[in-house]
Amino acid sequence: MIAQLPGFQIGYDDQGDGQPVVFLHGFPHDRTLWTAQRVALAPQARCIVPDIRGFGHSSTHGPYSMDQYADDVVALLDYLGIERAVVCGLSMGGYIAMAMWRRHPDRVKALVFCDTRAGADTDDAKQRRDELAVMVKHGGTRVITDAQITGMVGATTRERRPEVMAALRAIMGRQSAAGVIGALQALRDRPDSRETLRSISVPSLVIVGEDDVLTPIKEARAIAEALPSAARVRLEIIASAGHVPCLERPAATTHALSDFLATLA
């Protein structure tokens, strides 16, 4: 479905009944990353799965920032008549979830941080983002796919699940250069969110793939430890998965989400 909002459009899926859950994809993905969870959780929750600005079927023009992405999600919630939702974000989607809590805490019922981190980019990481942006400008999004796909999945996935690698390569390869470059800028300039974590007062789940090398288990533990006791934090480690456990181990990831959502009912 397409939501025509003031000044831009958002592609999204809306399936199921029950408490609303917004699933935010990572970089450089689109909403199909969460297809397995959307289908499996539909009997339990209303699954809202948008394409972030610049990706999938959403508009590719800026401005690009974590705050803008968060405002876009809230604009979609307004369009759908949803007051509060569970917000589940993977990687870049986790950064957007943190921005939503900073800017729109009254719209957030609970939070799920999946394979993400709270800190800002280091100087070296910022330089790498700039270098990738130049490479994409001249070589297209294939550059990002070739540079990141190996590190984005776990060793077990690379060795035993070629179909997952093929699906992820297809997702990454079909994104627009404009959206990828804009997201690289937004990732580079995102704020440190560690203080944001300390202010969270809604139930929170932290998920991480056991073999994630981009945002490893120590980053997930740091998030869980920074969240206050009021957040009733849970940490789930998905075995034999890397940076995208929702795609690599969909059933295990869905089970962790389903158990968490049941505690909110």
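Scroll up a little and you will see the structure.
In short, a report on the structure. These numbers come from a predicted model, not from an experiment.

### Section: the overall build of the chain
A tally of regular secondary structure across the chain gives 12 helices and 8 strands. Whereas a compact globule of 265 residues would reach a radius of gyration of roughly 18 Å, the chain reaches 17 Å, a difference of no more than 12%. Expressed as a percentage of its 265 residues, the buried residues of the chain come to 56%. Across the chain, the fraction of contacts at a sequence separation of at least 24, relative to all contacts at a separation of at least 6, is 77%. Summed over all atoms, the accessible surface of the chain reaches about 10,400 Å², with 50% contributed by carbon and sulfur.

### Points about the pattern of salt bridges
Note on pairing: side chains with opposite charge can pair once their charged atoms come close. In total, this model carries 20 salt bridges according to the counting rule given. The residue R46 makes a salt bridge to D14 at a minimum N-O spacing of 2.7 Å. One end of the pair, R46, is in strand β4 (residues 45-50); the other, D14, is in strand β2 (residues 8-15), with 32 residues separating them in the sequence. With a shortest N-O distance of 3.8 Å, E131 and R128 are connected by a salt bridge. Remark: R128 and E131 occur in helix α4 (residues 123-139); sequence separation between them is 3 residues, near one turn of the helix. Each of D13, R31, R38 and D51 takes part in a single network of salt bridges with overlapping partners.

### Focus on the pairing of β4
The buried fraction of β4 is high, at 5 of 6 residues. Both β2 and β4 contribute to a ladder of 4 bridges, which runs antiparallel. For Y12, the partnering residue across the bridge sits in β4 and is P50. Relative to β4, strand β3 (residues 19-24) runs parallel, the two sharing 4 bridges.

### Thoughts on empty space enclosed by the protein
Under the counting rule described, the total for this entry stands at 2 cavities of 30 Å³ or more. Reported here for the largest cavity is a volume of approximately 60 Å³. Lining the largest cavity are F8, Q9, I10, P50, D51, I52, R53, S58, Y69, D72 and V73. Contributions of two or more residues to the lining of the largest cavity are made by β2 and α2 (66-80). When its residues are assigned to classes, the lining of the largest cavity shows 6 nonpolar, 2 polar and 3 charged. When its volume is computed, the second largest cavity comes out at roughly 40 Å³. Surrounding the second largest cavity, M66, Y95, M98, R102, R117, A118, R190, P191 and S193 form its lining.

### Observations concerning the layout of surface pockets
For the largest pocket, the calculated volume is near 440 Å³. Going through the elements one at a time, α3 (92-103), α4 and α5 (142-152) are the ones with two or more residues in the lining of the largest pocket. Per-class residue counts for the lining of the largest pocket are 10 nonpolar, 5 polar and 5 charged.

### Comments concerning helix α7 (residues 162-173)
Taking 1.5 Å of rise per residue, 12 residues should cover 16 Å, and α7 covers 16 Å from first to last C-alpha, within 8% of that figure. For α7, the complete set of buried residues consists of V164, M165, L168, I171 and M172. Taken end-on, α7 shows its buried residues confined to a sector of 125°, consistent with a single buried face. Exposed and oriented more than 90 degrees from the buried face of α7 are P162 and E163. Among the structural elements, α5, α6 (155-160) and α11 (245-248) are those in contact with the buried residues of α7.

### As for the side chain of Q37
Following the sequence through the fold, Q37 ends up in helix α1 (residues 35-41). A distance of 3.2 Å separates a polar atom in the side chain of Q37 from the backbone oxygen of C246. Setting aside residues up to four positions removed in sequence, Q37 forms contacts with F23, C47, C246, P250, T253, T254 and L257.

### Side note on the environment of T35
One can find T35 in helix α1. For T35, a relative accessible area of 29% translates into the label partly exposed. Considered as a pair, T35 and V164 are 129 residues apart in the sequence and their alpha carbons are 13 Å apart.

### Some words on the environment of L187
Topologically, L187 is positioned in helix α8 (residues 177-189). Taking C-alpha positions, L187 is 8.5 Å from A120, a pair spaced 67 residues apart along the chain. Every residue in contact with L187, bar those within four places of it in the chain, is listed here: F27, M66, M92, Y95, D121 and R129.

What counts, and where the lines are drawn
- The written sequence of each chain sets the order in which its residues are numbered from 1.
- Side-chain atom pairs in this predicted model are given and counted only at pLDDT of 80 or more, local residue features only at pLDDT of at least 70, and totals for whole chains, interfaces and linings cover all residues.
- Computation of side-chain values covers all heavy atoms of the structure but excludes hydrogens and water.
- Each helix corresponds to a stretch of at least 4 residues labelled H or I by DSSP, and each strand to a stretch of at least 2 residues labelled E; elements are numbered beginning at the N terminus.
- In this treatment the radius of gyration is a C-alpha quantity, and the globule benchmark scales as 2.2 Å times the residue count to the 0.38 power.
- Each residue gets one of three labels from its accessible area relative to the maximum for its type: buried under 20%, exposed over 50%, partly exposed in between, using a 1.4 Å probe on protein chains only.
- Working rule for contacts: check all heavy atoms of both residues, and any pair within 4.5 Å makes them a contact.
- Per-residue and other accessible areas follow the Shrake-Rupley method at a 1.4 Å probe size, with only the shown protein chains counted as cover for residues.
- In the sections that follow, a salt bridge refers to a side-chain nitrogen of Lys or Arg positioned within 4 Å of a carboxyl oxygen of Asp or Glu.
- Strand pairing is assigned whenever DSSP identifies at least 2 bridges connecting the two strands.
- Buriedness of a pocket was judged along seven lines, with at least five required to meet protein on both sides within 12 Å; pockets are open sets of points on a 1 Å grid over the protein atoms alone, cavities are sets where a 1.4 Å probe fits but cannot get out, and lining residues have an atom within 4 Å of a point.
- Grid points are joined across faces, edges and corners, and a volume is the space filled by probe spheres set on the points.
- Residues are grouped as follows: Ala, Val, Leu, Ile, Met, Phe, Trp, Tyr, Cys and Pro are nonpolar; Asp, Glu, Lys and Arg are charged; all remaining types, including Gly, are polar.
- By this rule the span expected of a helix is its residue count minus one, scaled by 1.5 Å.
- As used here, the arc belongs to the directions running from the helix axis to the C-beta atoms.
- For the purposes of these results, a polar contact is taken to be a pair of N or O atoms within 3.5 Å, where, inside protein, one atom must be able to donate a hydrogen and its partner to accept one; residues adjacent in sequence count only when each atom of the pair is a side-chain atom.

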